[in-house]
Amino acid sequence: MSAIVQSPPLGRMTPRAWGMLLVLCGAIFLEGVNVAMLNVALPAIRADLGLSTGELQWVMSAYVLGYGGFMLLGGRAADLFGRRSMFLSWLAVFMVVSALGGLASEGWMLIAARFLAGVAAAVMTPAGLSIITTGFEEGRQRNQALLVYSGTAAGGFSLGLVLGGLLAEADWRWVLFAPALLSLVILVAAVPLIPRPERQRPAGRRVDLAGAVTVTGAIMLLVGGIERATHVDPGMTAATIAAALALFAAFVMIERRSPHPLVRLGILRSGPLLRANVMGLLFSAGFFGFQFVAVLYLQELRGWTSLETSLAMLAIGADAILAPTLTPRLVNRFGNAKVILYGLLLATLSYALFLPVGMDWTYAAMFPTMIILGVAFALAYGPLTIVATDGIDESEQGLAGGLLYTSFQFGAALGLAATTAVIATSQNLAGGYRPALVVPLVAAVLAAAVSAFGLVKGRTR
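Cut-offs used in this document
- Residues numbered from 1 in each chain as written.
- Predicted model: local features only at pLDDT ≥ 70, side-chain atom pairs only at ≥ 80, totals over all residues.
- Heavy atoms only, no water.
- Helix = DSSP H or I, 4+ residues; strand = E, 2+ residues; numbered from the N terminus.
- Buried < 20%, exposed > 50% of the residue type's maximum accessible area, 1.4 Å probe, protein only.
- Contact = heavy atoms within 4.5 Å.
- Areas by Shrake-Rupley, 256 points an atom, 1.4 Å probe, with all protein chains shown as cover.
- Lys, Arg positive; Asp, Glu negative; His and termini not counted.
- Charge placed at Lys NZ, Arg CZ, Asp CG, Glu CD.
- Phe/Tyr/Trp six-rings, centres within 6.5 Å; stacked < 30°, edge-to-face > 60°.
- Salt bridge = Lys/Arg side-chain N within 4 Å of Asp/Glu carboxyl O.
- pLDDT = per-residue confidence, 0-100.
- Core = buried A, V, L, I, M, F, W, Y, C linked by side-chain atoms within 4.5 Å.
- Patch = residues over 30% accessible without salt bridge, like charges linked within 9 Å, V, L, I, M, F, W, Y side chains within 5 Å.
- Polar contact = N/O pair within 3.5 Å; in protein donor to acceptor, adjacent residues only side chain to side chain.
- Axes fitted to C-alpha atoms, helices over the stretch in contact; angles between N-to-C directions.
- Parallel < 35°, antiparallel > 145°, perpendicular 65-115°, else oblique.
- Left-handed = near helix turned anticlockwise from the far one by under 90°.
- Nonpolar A, V, L, I, M, F, W, Y, C, P; charged D, E, K, R; others polar.
- Expected span 1.5 Å × (residues − 1).

### A closer look at the overall build of the chain
- Broken down by element type, the chain carries 17 helices and zero strands.
- With the principal axes as the frame, the chain shows a C-alpha extent of 60 × 50 × 45 Å.
- Counting the 461 residues in the chain, one finds 59% classified as buried.
- Excluding contacts between residues fewer than 6 apart, the proportion of contacts in the chain whose partners are at least 24 apart in sequence is 84%.
- Summed over its atoms, the accessible surface of the chain is roughly 17,400 Å², and 67% of this surface lies on carbon and sulfur atoms.
- Averaged over its 29 positive side-chain charges, the chain has a centre that lies 11 Å from the centre of its 22 negative ones.

Next up, the structure:
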C-alpha cells in the first residue's frame, strides 16, 4: 500500500490533507482556466497573427492533441515513477512553455507551444488525479473528494471565460502569461503540501514508448484527417484516416506483446470503465465543439467583445457551484449511472435549444442553453470521473485517470475538428455556424444512448 494520505472524511480532514486537496484542485483549476481563457481569446489571436480558421482551430487542437495523445504515457509514468515527482516536474514544464507561448510572434510558434503545454498537462493531470484516488478511501470519502475536484475544474472553465475576456481586452498574450504565473504559485505551495510516498516505485519498470508513439500518431492522423476533409481531395482524407486506423492496430499489437504495456488491455474489459470513457469522449466533443462555434458566432458574427462573450457564457459556470453541492446528494440518492444520464439528457436539451439561434437573438434567448449546459456539466463530469476510476487497483490508478482524460481530450479534438470541417463547407461563417451546431447535439445524443444502454444492461444482470 502506497497511499499518499490516509484521510478521514472531508469534514474532519487534517489541515495537511486539506492543503494537499486544495493544491491538486488548484492544478486542475489551472488546466480548466488555461483552456477556457484561450478559447475566448481566439478572435484576438487571429487578428494579431493573421491566422485562417483552420490554423485557429489548431491553436486549440494542438493543446488537446498533446494532452490526449500523451495522457496514457503520463498516467502510466505516474504509476511507475512516482505521482508526486511527475506532478511537480511537469507542472514546472507547463509553467515554462505557457510563458513561451505568450512570446510567440508567428502562428506556428504558438501552436508548438500549445502542443508542448498539452504534453506537460498530460503528465501533470493524471498524476494529480491518482494522488487523490490513492489518498482517499474508496467509497463516499473518495467520491466527495473527486466531486470537489471536478467542481474546481468546472470553476476553471467558467472563470477562465471571464478572465480570458478581461485579459484579451488588454492583450491576448496575457491569456498565456497568467497560467504561467498561477503555475508558479501552485508549484511553490505543492512542494511542502504533497508528501512523498511511503514506498519507492518498483525497480526495473519501463515506459512503453513504442505504444505511446503509435497511439499519439494515430490520434493526430485521425483528427487531422477529419479537419482536412474539406481542404484536400477525398483520396488523401481516406488515406490519412486509414493510416490512423493502422497505427491504432499497431498499438494494440504492441500492447499485447510488450512486457510493460502502456495500457494493460485487460483493463478495458471493465464495462463501466469502457462506457465511462466513451461517454467522456462524446460529452467532451459536444462541449468543446459548441463552445468553439458559440464564441465565433458571438464575436465574429454579432460583433460582441471578448468580455461580453465571456460574460454571456458565464452561466455555464453554474457547475462550479453545483458539482460539489448538489451532485453528491444526487449521487448518494440515485447512483452515478442515473446522474450521468440526467446530465447527458440535459446537455442534449441545451444544444437543441440553441440550434435555431439567429442574428437577432437577445441574450435572454441564449441564456437557457448556457444555464442548462452548466447543470449538465455538473451532473456528468464528476460522476464520470468516479465511475472511470472506481474498483481499479491502486497500481493502475494513474492509467485509469490517463484513459479518462485521453477520452476527454480526444473528444475535444474531434469536436473542434468536426465543427471546423462543417463551417469550412460553407462560403462563410454566417452560412456554416448553424449546421456546425448539429455536431454537439449529435454527440450528446450518442453519449446519452451509451449511458442508457449501461443502465439497461446493469438491470438485466
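### As for the packing of aromatic side chains
- Taken as a whole and judged by the stated rule, the model has 14 aromatic pairs.
- Taking the centre distance of 5.2 Å and the plane angle of 80° together, the rings of Phe290 and Phe354 count as edge-to-face. Pair noted here: Phe290 is in helix α10 (residues 271–301) and Phe354 is in helix α13 (residues 336–354), with a separation of 64 residues, a long-range link.
- The class for Phe290 is buried, based on a relative accessible area of 1%.
- Here Phe354 falls in the buried class, since its relative accessible area comes to 2%.

### Focus: the pattern of salt bridges
- Scanning all chains against the criterion turns up four salt bridges.
- Here Arg46 and Glu300 are joined by a salt bridge, their closest N and O atoms 3.0 Å apart. Taken together, the positions of Arg46 in helix α2 (residues 42–49) and Glu300 in helix α10 put the pair 254 residues apart, joining distant regions of the chain.
- Residue classification places Arg46 among the buried positions, given a relative accessible area of 18%.
- The exposure class of Glu300 is partly exposed, given its relative accessible area of 35%.
- Across the salt bridge formed by Asp79 and Arg76, the nearest N and O atoms sit 3.2 Å from each other.

### A closer look at the confidence of the model for the chain
- When pLDDT is averaged along the chain, the result is 83; 91% of the residues meet or exceed 70.
- Considering each helix and strand of the chain separately, the mean pLDDT is smallest for helix α16 (residues 429–436), with a value of 77, and largest for α13, with 95.
- In the predicted structure, residues 1–9 sits below a pLDDT of 50 and forms 29 contacts with residues beyond four places in sequence or in another chain.

### Here's the deal with the nonpolar core
- Counting residues in each nonpolar core, the largest one holds 136 residues, and the members touching the most others are Phe87 and Tyr405.
- Ranked by residue count, the leading element in this core is α10, at 15 residues.
- Not counting the four nearest positions on each side in its chain, Phe87 is found in contact with Val23, Leu24, Ala27, Met124, Ala127, Gly128, Ile131, Ala190 and Ile194.

### Considering the side chain of Arg114
- One can find Arg114 in helix α5 (residues 107–135).
- Although Arg114 is buried, it forms no salt bridge, and the closest oppositely charged side chain is Glu31 at an N-O distance of 7.3 Å.
- In contact with Arg114, other than residues within four places in its own chain, are Asn34, Leu38, Val59, Ala62, Tyr63 and Leu176.

### Points about a nonpolar patch on the surface
- Residues Val96, Leu100 and Leu103 make up a contiguous nonpolar surface patch of about 300 Å² in total accessible area.
- Following the sequence through the fold, Val96 ends up in helix α4 (residues 83–102).
- On the basis of relative accessibility, which here comes to 45%, the residue Val96 falls in the partly exposed class.

### Describing the side chain of Arg173
- Counting through the fold element by element, Arg173 comes out in the loop between α6 (140–170) and α7 (174–193).
- Take Arg173: its relative accessible area is 19%, and that puts it in the buried class.
- Within polar-contact distance, the side chain of Arg173 engages the backbone oxygen of Gly102 at 3.0 Å.
- Within the local environment of Arg173, its side chain forms a polar contact with the backbone oxygen of Ala104, the two atoms lying 2.4 Å apart.
- Non-local contacts of Arg173, meaning those with residues more than four positions away in its chain, are made with Asp48, Leu49, Gly102, Leu103, Ala104 and Ser105.

### Observations regarding the packing of α6 against helix α14 (residues 363–389)
- Put simply, α6 and α14 touch, their axes get as near as 9 Å, and they point 135° apart. Here α6 is positioned oblique relative to α14, judged by the angle of their axes. The handedness of the crossing between α6 and α14 is right-handed. Judged by residue contacts, Arg142, Asn143, Leu146, Leu147, Ser150, Ala153, Ala154 and Phe157 of α6 engage Phe377, Tyr381, Gly382, Pro383, Thr385, Ile386 and Thr389 from α14.

### Let's talk about the packing of α13 against α14
- One can describe the packing of α13 onto α14 by two numbers: an axis separation of 7 Å at closest approach and a directional angle of 155°. Between α13 and α14, the angle is such that the two are roughly antiparallel. Taken as a pair, α13 and α14 cross one another with a handedness that is left-handed.
- Of the residues in the contact of α13 with α14, the class split is 23 nonpolar, four polar and no charged.

### Section: helix α15 (residues 397–424)
- Compared with the 40 Å implied by 1.5 Å per residue over 28 residues, the 40 Å span of α15 between its first and last C-alpha is a close match.
- Counting buried positions over the 28 residues of α15 gives 25, a clear majority of the element.

### Remarks on the environment of Ser98
- With respect to the helices, strands and loops of the structure, Ser98 is situated in helix α4.
- In this structure, the C-alpha to C-alpha distance between Ser98 and Leu49, residues 49 residues apart in sequence, is 17 Å.
- Excluding residues that lie within four positions of it along the chain, Ser98 makes contacts with Leu176 and Ala180.
- A polar contact is formed between the side chain of Ser98 and the backbone oxygen of Phe94, at a distance of 2.8 Å.

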